[in-house]
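Coordinate analysis (summary)
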Amino acid sequence: MTTSPENMIEIKSLYKKFGKIQALNNLNLNIKKGELLGIIGHNGAGKTTTIRIISCILHPDKGTVLVNNLNIKEKPIEIKSMIGYLPEEPNLYERFTAYDLLKYFGELYNVPSKTLDKRIDELLELVNMSDRKHDKINTFSKGLRQRIGIARSLIHDPEIIIFDEPTMGLDPATASSIRNFILTLKGKKTILLCTHYMEEADLLCDRVAIINHGEILDIDTPKNLKSKIHGDLILNIELKKDVETEKLNKIKNIDGAENIELMDNTLTVSLSSEDLISKIITILDNNIKSVNTKKPTLNDVFIQRIKNEQ
Ligand SMILES: Nc1ncnc2c1ncn2[C@@H]1O[C@H](COP(=O)(O)OP(=O)(O)OP(=O)(O)O)[C@@H](O)[C@H]1O
Ligand SMILES: [Mg+2]
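Residues numbered from 1 in each chain as written. Chains lettered and ligands numbered in written order. Predicted model: local features only at pLDDT ≥ 70, side-chain atom pairs only at ≥ 80, totals over all residues.

1. Brief notes about the site of ligand 1
Every residue lining ligand 1 is accounted for by F18, I21, A23, G41, N43, G44, A45, G46, K47, T48 and T49. Put simply, the parts of the chain that give the shell around ligand 1 at least two residues each are β2 (21–32) and α1 (47–54). Of the residues forming the shell around ligand 1, the biggest block, three residues, is contributed by α1. (Near = placed C-beta within 6 Å. Helix = DSSP H or I, 4+ residues; strand = E, 2+ residues; numbered from the N terminus.)

This is the structure we're talking about:
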């Protein structure tokens, strides 16, 4: 197996078991150079296990992982130096100051001492922590720790960035500033982002992979994932009374109308185009109390895909 020139990471038939738990079950995934790929999936789906294997922290039972054409089994040290990894819960050295911590990791990654201080200042500026440079980690709040964790993961200017739930548990303003920061890296680095926040995945990612019970269910752009499930928009019509079967069948026969559900006198239909709204309204004639439409969200996609698998 060799890496296609456009892929930074290639994962083929990956398996990992913890005792009786099959955490990864034939997982296949390619991440392109310069891509920002999101991974979404329920708790225990295998997200962290996957990225720990890519980061050479954990050995797989079976399967191949190539990072920039290097095999994790053969070149773990080289691969580690290419990756900036933010774990779910970064373990920071509590008694270090922000500066000491970044200096320590910079030296560990052989960042030349001439450039290290400058790099530390740039990173602290980027994560908006310049004013806390000489404060100890144990005086930092959760969000500030997360920012320092991000700075630490980037100290060696890695080609590949792997963030495991970077905005988990942060206040909306801090989460938003971290998302904006990730956007500034977009296109410049290859980024893998695990998240439970669907809006985050939608906003940031070029493609999103849905992982379920250790395998990839689907991978596509957020836009395509949404249109595959629901069409372009979801139409909700509140009815005055029951709809006749004959009219319902007419609606079901419309090309581009799918996932038709009737519950509590509310008709929900996924439509491939806005033009179909008037067709449906004409069929229902005067049996309409209210009409509204919404664009499908990535959350709708996730819930429906996972539901289909159960
Ligand atoms: N070191 C370990 N020892 C035992 N079981 C483990 C270990 N690491 C992971 N697992 C199990 O493997 C499965 C996958 O875990 P993983 O951490 O990859 O999930 P995840 O998708 O990251 O979940 P979350 O969204 O909760 O972070 C889970 O059932 C988990 O309990
Ligand atoms: Mg996890």
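So, next bit.
2. Examining the sheet that holds strand β13 (residues 266–271)
Within a beta sheet, neighbouring strands are joined by backbone hydrogen bonds and run either parallel or antiparallel to one another. Strands sit in the order β12-β13-β11-β14 across an open sheet of four strands; the sheet is antiparallel. The sheet is open, and its two borders are formed by β12 (257–263) and β14 (288–294), each paired with just one other strand. Across the sheet, the mean angle from the axis of one strand to that of its neighbour is 15°, orientation sign disregarded. As paired strands, β12 and β13 are joined by five bridges and run antiparallel to one another. Each bridged residue has a counterpart across the sheet, and for A257 the counterpart in β13 is L271. (Pairing = 2+ DSSP bridges. Axes fitted to C-alpha atoms, helices over the stretch in contact; angles between N-to-C directions.)

3. Here's the deal with the sheet that holds strand β5 (residues 70–71)
One open sheet holds the four strands; their spatial order is β2-β1-β4-β5, and the pairing between them is antiparallel. Looking at which strands have only one partner, the edges of the open sheet turn out to be β2 and β5. Where strand β1 (residues 7–18) lies against strand β4 (residues 62–67), five bridges are found, and the strand directions are antiparallel. Note that in β4 the partner of I9 across the bridge is V67.

4. Quick look at helix α11 (residues 298–309)
Quick reminder: α-helices carry 3.6 residues per turn. Residues three or four places apart thus point the same way. Taking 1.5 Å as the rise per residue, α11 with twelve residues should run 16 Å; its terminal C-alpha atoms sit 17 Å apart, in good agreement. All of the buried residues in α11 are L298, V301 and F302. Around the axis of α11, the buried residues are gathered within 95° of arc, so they sit on the same side. Facing away from the buried side of α11 by more than 90 degrees, the exposed set consists of K307 and N308. (Expected span 1.5 Å × (residues − 1). Buried ≥ 20, exposed ≤ 12 C-beta atoms within 10 Å, placed from the backbone. Arc of directions from axis to C-beta.)

5. Details of the pairing of strand β3 (residues 36–40)
Most of β3 sits inside the fold, with five of its five residues counted as buried. Residues L36, G38 and I40 point to one face of β3 and L37 and I39 to the other, with burial holding for every one of them. Judged from the four bridges that link them, β3 and strand β8 (residues 190–194) form a sheet pairing that is parallel. Following the sheet pairing, L36 is matched in β8 by I191. In this sheet, strand β9 (residues 207–212) lies alongside β3 in parallel orientation, the contact comprising four bridges.

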